[in-house]
Amino acid sequence: MTIPQAIREELDLSTGDELLISVEGGRIVLEPATLIPRDQAWFWTPEWQAMEAEAESDKVAGRVERFASDEEFLASLEE
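The sections below set out a description of the structure shown in this document. Keep in mind the model is a prediction, meaning the values are calculated, not measured.

Tallied over the full model, the rule gives two salt bridges. The partner of Lys59 in a salt bridge is Glu56, with the nearest N and O atoms 3.6 Å apart. In this pair, Lys59 and Glu56 are both assigned in helix 2 (residues 46-60), three residues apart and thus about one turn of the helix distant. Classification of Glu56 by relative accessible area gives partly exposed; the value is 40%. Across the salt bridge formed by Asp58 and Arg63, the nearest N and O atoms sit 2.8 Å from each other. Judged by its relative accessible area of 24%, Asp58 falls in the partly exposed class.

The subject of this paragraph is the pairing of strand 1 (residues 19-24). Two elements, strand 1 and strand 2 (residues 27-32), share six bridges in a ladder whose sense is antiparallel. When the bridges of strand 2 are listed, Ile21 appears paired with Leu30. In sequence, strand 1 turns back onto strand 2 through a hairpin of two residues, with Gly25 there showing a positive phi of about 55°.

A few words on the layout of surface pockets. Taken as a whole, the largest pocket spans an internal volume of roughly 200 Å³. In terms of residue class, the lining of the largest pocket is built from six nonpolar, four polar and two charged.

Turning our eyes to something else, we now look at unusual backbone geometry. With a phi close to 55°, Asp12 is a non-glycine residue in the positive phi region. According to the relative accessible area criterion, Asp12 is exposed, its value standing at 65%.

Reading the values: the criteria
Residues numbered from 1 in each chain as written. Predicted model: local features only at pLDDT ≥ 70, side-chain atom pairs only at ≥ 80, totals over all residues. Heavy atoms only, no water. Salt bridge = Lys/Arg side-chain N within 4 Å of Asp/Glu carboxyl O. Helix = DSSP H or I, 4+ residues; strand = E, 2+ residues; numbered from the N terminus. Buried < 20%, exposed > 50% of the residue type's maximum accessible area, 1.4 Å probe, protein only. Pairing = 2+ DSSP bridges. 1 Å grid on protein atoms, 1.4 Å probe; cavity = no way out; pocket = protein on both sides within 12 Å on 5 of 7 lines; lining within 4 Å. Points joined across faces, edges and corners; volume = space filled by probe spheres on them. Nonpolar A, V, L, I, M, F, W, Y, C, P; charged D, E, K, R; others polar.

As structure tokens, this is what we get:
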């Protein structure tokens, strides 16, 4: 399938890029797609993304703890 150059440039499409194809209102709709390997899909679940956002919020707010060594970190888990 050939997509006009102006559209390819606007959407930053390159040869070999994946597209999602759907039908909406009698029209064929193409959307650029990003493929995620199955073994990485868990990271993009809403639940995991919520935990990532919470962790980032804690980091920004300074709610973090640093350890000088692996042993110190492991000892903190036993407390």
